[in-house]
Amino acid sequence: DWVPADKVVETTCPYCGTGCQVEYGIKDDKVIWARGAYGPANEGKLCIKGKFGYHYVNSPERLTKPLIRRTGIPKGPLNGRPIHEVFREATWEEVLDIIASKIREILDKYGPAAIGGIMSDRSTNESIYAFQKFMRCAIGTDSIDQSATLCHEPSAWSLATQLGYGAATNPIRDVLNSRTIIVVGSNMNETHPVIAAYVKRAAKQGAHLIIVNPIHTELARYAEYELLIRPGTDVVLFSAMAKYIIDMGWYDKEFISRYTEGFEDWVRSLDAFTLDFAEEVTGVPKDVIKEVARLYALEKPSMIMWTLGITEHENGTENVSALINLALLTGNVGKPGAGLMPLRGQNNVQGGADVGCAPGRLPGYQPLMDSEVRRRFEEVWRCKLPSFIGFRSTEMIDMARRGLIKMLYIVGENSIRSHPDSKAVAEALSKLEFLVVQDIFMTETAEYADVVLPAASAALEDYGTFTNTERRLQLTRKVVDPPGDAKPDWWVFVELARKLGYDMGLRDSTDIMRDMARVAPVFSGLSHERLEREGGLQWPVPSESSPGTLILYADGFPRGRARFRVVSWRGFDVVVERLYPYSLIIGRERAQYHTATMTSRSPVLRVIWRGPVVEMNPEDMRAESIKDGEVVKLLSPAGEVLARVKASTRVPRGVLFTTFHYPELLANTLVPAVLNPITKTPAYKDTRVRIEKV
Ligand code: SF4
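Residues numbered from 1 in each chain as written. Predicted model: local features only at pLDDT ≥ 70, side-chain atom pairs only at ≥ 80, totals over all residues. Heavy atoms only, no water.

Examining the nonpolar core
Membership of the largest hydrophobic core comes to 65 residues, with the highest contact counts inside it found for F134, W381 and Y409. Looking at which element gives the most residues to this core, the answer is helix 4 (residues 125-139), with 9 residues. The contacts of W381, once residues within four sequence positions are left out, are Y129, Q132, K133, C137, L362, P363, Y502, D515 and V519. If you look at the next biggest cluster of nonpolar residues, it comprises 55 residues, including V212, L227, F273 and L552. (Core = buried A, V, L, I, M, F, W, Y, C linked by side-chain atoms within 4.5 Å. Buried < 20%, exposed > 50% of the residue type's maximum accessible area, 1.4 Å probe, protein only. Helix = DSSP H or I, 4+ residues; strand = E, 2+ residues; numbered from the N terminus. Contact = heavy atoms within 4.5 Å.)

Observations regarding a nonpolar patch on the surface
On the surface, V574, V575 and L579 cluster together into a nonpolar patch covering about 300 Å² of accessible area. Residue position: V575 is located in helix 23 (residues 574-579). (Patch = residues over 30% accessible without salt bridge, like charges linked within 9 Å, V, L, I, M, F, W, Y side chains within 5 Å. Areas by Shrake-Rupley, 256 points an atom, 1.4 Å probe, with all protein chains shown as cover. Salt bridge = Lys/Arg side-chain N within 4 Å of Asp/Glu carboxyl O.)

Quick look at the site of the ligand
C13, Y15, C16, T18, G19, C20, L46, C47, G50 and V194 make up every residue found near the ligand. Partitioning the shell around the ligand into residue classes produces 7 nonpolar, 3 polar and no charged. (Near = heavy atom within 4 Å. Nonpolar A, V, L, I, M, F, W, Y, C, P; charged D, E, K, R; others polar.)

Looking at the side chain of D489
Relative to the helices and strands, D489 resides in helix 20 (residues 489-499). The charged side chain of D489 is buried without a salt bridge, its nearest counter-charge being R62 at 9.2 Å. In this structure the side chain of D489 is engaged in a polar contact, spanning 2.9 Å, whose partner is the side chain of Q438. Those residues within four positions of D489 in sequence are excluded, and the remaining contacts are M119, S123, S127, V411, Q438 and A455. (Lys, Arg positive; Asp, Glu negative; His and termini not counted. Polar contact = N/O pair within 3.5 Å; in protein donor to acceptor, adjacent residues only side chain to side chain.)

Side note on the sheet that holds strand 10 (residues 225-227)
Strand order in this open sheet of 5 strands is 10-9-8-12-13, and the pairing throughout is parallel. At either end of the open sheet lies a strand with only one pairing partner, and these are strand 10 and strand 13 (339-342). Each strand axis lies, on average, 15° off the axis of its neighbour in the sheet, ignoring direction. As paired elements, strand 8 (residues 180-184) and strand 12 (residues 302-306) share 5 bridges and run parallel to each other. Residue pairing for strand 12: V183 is matched across the bridge by M305. The strands touched by helix 12 (residues 286-298) are strand 8, strand 9 (208-212), strand 10 and strand 12; relative to strand 10, the strand with the most contacts, the crossing angle is about 120°. (Pairing = 2+ DSSP bridges. Axes fitted to C-alpha atoms, helices over the stretch in contact; angles between N-to-C directions.)

Digging into the domain arrangement of the protein chain
Parsing the protein chain into structural domains produces domain 1 (7-58), domain 2 (67-149 + 349-463 + 485-515), domain 3 (153-342) and domain 4 (574-693). Summarising the inter-unit geometry, the C-alpha centres of domain 1 and domain 2 are found 28 Å apart. Taken together, the contacts link 7 residues of domain 1 with 7 residues of domain 2. Between domain 1 and domain 2, a total of about 550 Å² is buried, with carbon and sulfur atoms accounting for 71% of that surface. Among the residues of domain 1 in contact with domain 2, P14, Y56 and V57 are the three that bury the most area, contributing 70% of the side total. Taken together, the links from domain 1 to domain 2 amount to 1 residue pair in polar contact (both at pLDDT 80 or more). (Domains from an automatic or database assignment. Buried area = accessible area lost by both parts, 1.4 Å probe.)

Overview of the side chain of Q350
As for its placement among the helices and strands, Q350 is situated in helix 15 (residues 349-354). Side-chain polar atoms of Q350 contact the side chain of Y365, separated by 3.4 Å.

Observations concerning empty space enclosed by the protein
The full count for this structure, using the stated rule, is 5 cavities of 30 Å³ or more. Its boundaries defined by the atoms lining it, the largest cavity holds a volume of some 630 Å³. What lines the largest cavity is a set of 42 residues, among which R122, Q346, G412, E413 and H594 lie closest to the centre. Of all the elements in the fold, those that place two or more residues in the lining of the largest cavity are strand 17 (434-439) and strand 23 (582-587). A per-class count over the lining of the largest cavity returns 17 nonpolar, 17 polar and 8 charged. Counting only domains with at least three residues in the lining of the largest cavity, you end up with domain 2 (67-149 + 349-463 + 485-515) and domain 4 (574-693). Estimates place the volume of the second largest cavity at around 290 Å³. Around the second largest cavity, the lining comprises 23 residues; the ones closest to its centre are G185, N213, G309, I585 and K685. Going through the elements one at a time, helix 13 (308-311) and strand 23 are the ones with two or more residues in the lining of the second largest cavity. (1 Å grid on protein atoms, 1.4 Å probe; cavity = no way out; pocket = protein on both sides within 12 Å on 5 of 7 lines; lining within 4 Å. Points joined across faces, edges and corners; volume = space filled by probe spheres on them.)

Points about the packing of helix 17 (residues 393-401) against helix 19 (residues 422-431)
Axis separation between helix 17 and helix 19 bottoms out at 7 Å; the angle between their running directions is 60°. Crossing hand, helix 17 versus helix 19: left-handed. On helix 19, the residues that touch I397, A400 and R401 of helix 17 are A424, V425, E427, A428, L429 and K431. Looking at the contact of helix 17 with helix 19 residue by residue, the classes come out as 6 nonpolar, no polar and 3 charged. (Left-handed = near helix turned anticlockwise from the far one by under 90°.)

With respect to the state of the cysteines
Summed over all chains, the structure comprises 1 disulfide. A sulfur-sulfur distance of 2.2 Å marks the disulfide that ties C137 to C383. One end of the pair, C137, is in helix 4; the other, C383, is in the loop between helix 16 (371-381) and helix 17, with 246 residues separating them in the sequence. For the pair formed by C137 and C383, the shared burial category is buried. (Disulfide = S-S within 2.5 Å.)

Notes on helix 7 (residues 193-204)
Helix length check: helix 7 (12 residues) gives 16 Å between terminal C-alpha atoms against 16 Å at 1.5 Å per residue, within 8%. In terms of burial, helix 7 is largely enclosed, as 9 of its 12 residues are buried. What helix 7 keeps buried is the set P193, V194, I195, A196, Y198, V199, K200, A202 and A203. Tucked into the core, helix 7 has its buried residues touching strand 8, helix 6 (188-191), strand 9 and strand 12. (Expected span 1.5 Å × (residues − 1).)

As for unusual backbone geometry
At the junction of K300 and P301, the peptide bond is cis and its omega measures out at 5° in the coordinates. Within the element layout of this structure, P301 appears in the loop between helix 12 and strand 12. Of the consecutive residues W539 and P540, the connecting peptide bond is found in the cis state with omega at 0°. Here the phi dihedral of N79 falls at roughly 50°; this positive angle occurs in a residue that is not glycine. Residue N79 is classed as exposed on the basis of its relative accessible area, which comes to 71%.

Some thoughts on the environment of P558
Mapped onto the secondary structure, P558 falls in the loop between strand 21 (537-538) and strand 22 (562-563). Considered as a pair, P558 and L163 are 395 residues apart in the sequence and their alpha carbons are 7.8 Å apart. Here P558 is in contact with L163, G164, Y165 and Y553, once residues within four sequence places are set aside.

Concerning the pairing of strand 26 (residues 640-647)
Sheet topology places strand 24 (residues 613-616) next to strand 26; 4 bridges connect them, and they run parallel. Of the residues in strand 26, the one forming a bridge with V613 is R644. Bridge count for strand 25 (residues 631-635) against strand 26 is 5 bridges, and the pairing is antiparallel. By the bridge assignment, L634 is partnered in strand 26 with V641. Here strand 25 hands over to strand 26 after 4 residues, the two strands then running antiparallel side by side.

Rendered as structure tokens:
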């Protein structure tokens with residue numbers, strides 16, 4: 001039985017990209033429970049984070065006042081010092097004046113390229129949109145980014161380049177219409193439990209389920225085939241499947257000739273990907289590769305779902321393209337039960353990219369450097385847009401470390417723990433002339449700030465929209481008031497712009513949505529009024545009479561033809577492998593979320609944490625004479641950490657697994673800042689390490 005509440009408010013879950021609808025019970029202006037509401041993605045279901053992850057909003061540790069670093073206190077970890085010893089409280093008026101004057105000073109001295117901004121994808125579309133408009137129009141910089149660079153930007157880039165839109169093609173529930181499902185690079189049971197429930201249902205109904213992952217996952221219990229692939233070899237597996245499908249004549253000739261280009265060049269590039277080669281490189285037996293290829297090509301419709309095990313590699317864009325090529329080859333695009341489904345990690349990472357918070361990309365994926373696009377935006381926004389393409393977040397951190405970026409404005413991102421090479425991030429933040437951090441809690445990143453701004457929780461204390469992993473914009477409603485002087489993110493940007501002499505013309509969140517609909521054709525038919533009336537809608541929504549777009553490319557491709565992309569595989573670096581014999585995979589666990597700033601406040605979730613451990617195969621432990629629970633040193637080319645070893649049969653020999661949830665184990669210290677050359681995404685899923693006993 002639910003404890004009686006004063007009121008119940010329905011909104012959208014603040015955690016993963018599934019976009020589950022939640023009802024919160026409120027008593028005395030505090031959230032006292034959460035339960036599933038009926039939404040198109042969740043049908044009343046919630047996972048453990050959705051049910052028990054709300055305590056953060058009531059936490060006494062919330063930031064409630066703007067804070068200014070006291071004179072002479074060096075930047076860096078508080079190391080147990082009370083916040084008020086390092087920062088003093090201020091009014092909004094004072095703090096915004098200080099930030100505006102510092103921005104003017106840096107602009108005068110170095111120009112707009114010396115300022116960058118990193119925005120949170122846990123914020124609303126409206127706030128993220130306001131942020132990019134503020135940074136571009138009020139400051140004049142295009143160096144703006146959000147968390148996609150650290151996770152799914154390779155998916156967005158490859159999908160947009162080859163098909164037209166950087167987003168999932170089909171709705172989540174459509175997996176129930178698939179006859180074959182490939183889940184690759186995803187521990188969906190832990191990261192997207194509600195979507196995993198649909199996949200299990202589909203498998204129980206008779207769909208062929210194939211799991212491709214370097215470590216064993218619970219979902220594999222429902223699978224016909226589990227391919228424990230060697231880390232970093234996905235391109236080889238999927239290219240070999242494609243070659244075999246072509247050799248057997250199982251490809252969709254009509255779809256290819258009618259809708260695609262680049263087929264012949266791509267086919268020629270597949271010569272090296274023989275079944276023997278694929279078996280040797282990936283560790284997957286060739287008979288299994290043949291059977292999986294047959295199911296995918298002939299037992300249609302077939303869907304491919306993936307998470308960050310595909311994207312967080314130096315060759316993440318190649319990995320995603322190998323999946324897209326396979327879907328085009330077999331005509332598994334633009335149809336019910338088919339398609340390509342990147343599963344987004346943060347509740348609004350899809351929206352963050354859609355509303356233009358990325359260098360060179362204006363809202364609705366419109367290119368900043370297209371003269372007609374620029375003219376239209378400059379007319380509507382009444383500002384001069386930056387004349388240079390800015391930098392991605394990983395590049396901004398590196399430029400700050402090298403003294404080229406002088407100011408960063410970081411909103412709701414704990415960069416010290418979420419970016420690669422944590423030591424280099426700390427060095428970068430220390431060197432900045434000015435760092436503004438806006439968040440709901442004091443984080444390790446905020447400890448380096450000159451100014452800390454208290455934010456309202458986007459999911460529970462603001463009104464706006466989130467876009468889930470199936471492109472669906474859904475409302476998030478104000479459930480309780482923000483604590484103290486905390487303000488919605490968009491309010492801060494609007495006020496700061498005013499201080500800098502630019503009126504953004506945005507009075508509230510609803511006004512911002514109108515602005516978005518004016519400038520981005522994919523949102524033209526959207527408004528808060530419509531979403532209140534009709535529920536969530538999937539973009540593109542080109543007009544008020546459009547019901548949104550359930551399945552992309554059902555009527556063809558926006559550029560006329562989809563493109564095959566030639567991909568290559570670089571091979572293993574045998575020298576590095578000899579020096580660092582283990583492949584470390586950094587991922588997530590069910591009861592935690594990212595750097596745990598929110599989930600660590602839940603007494604329920606704390607009970608089931610796995611803790612700061614590194615999982616290791618028992619045979620490797622025997623070979624290294626390591627006991628279960630022993631603390632060892634992990635070393636990589638980037639750094640070293642101490643970690644407690646946990647024996648685990650779910651990881652194969654030569655592979656280690658840990659998470660980035662725990663401050664006691666700063667796993668990203670080990671990840672070198674080796675980035676995908678196109679999207680600048682780090683390789684969190686294949687860091688070479690060695691182990692030393694301590
Ligand atoms: Fe929230 Fe994702 Fe869990 Fe749904 S599956 S309740 S959106 S964390």
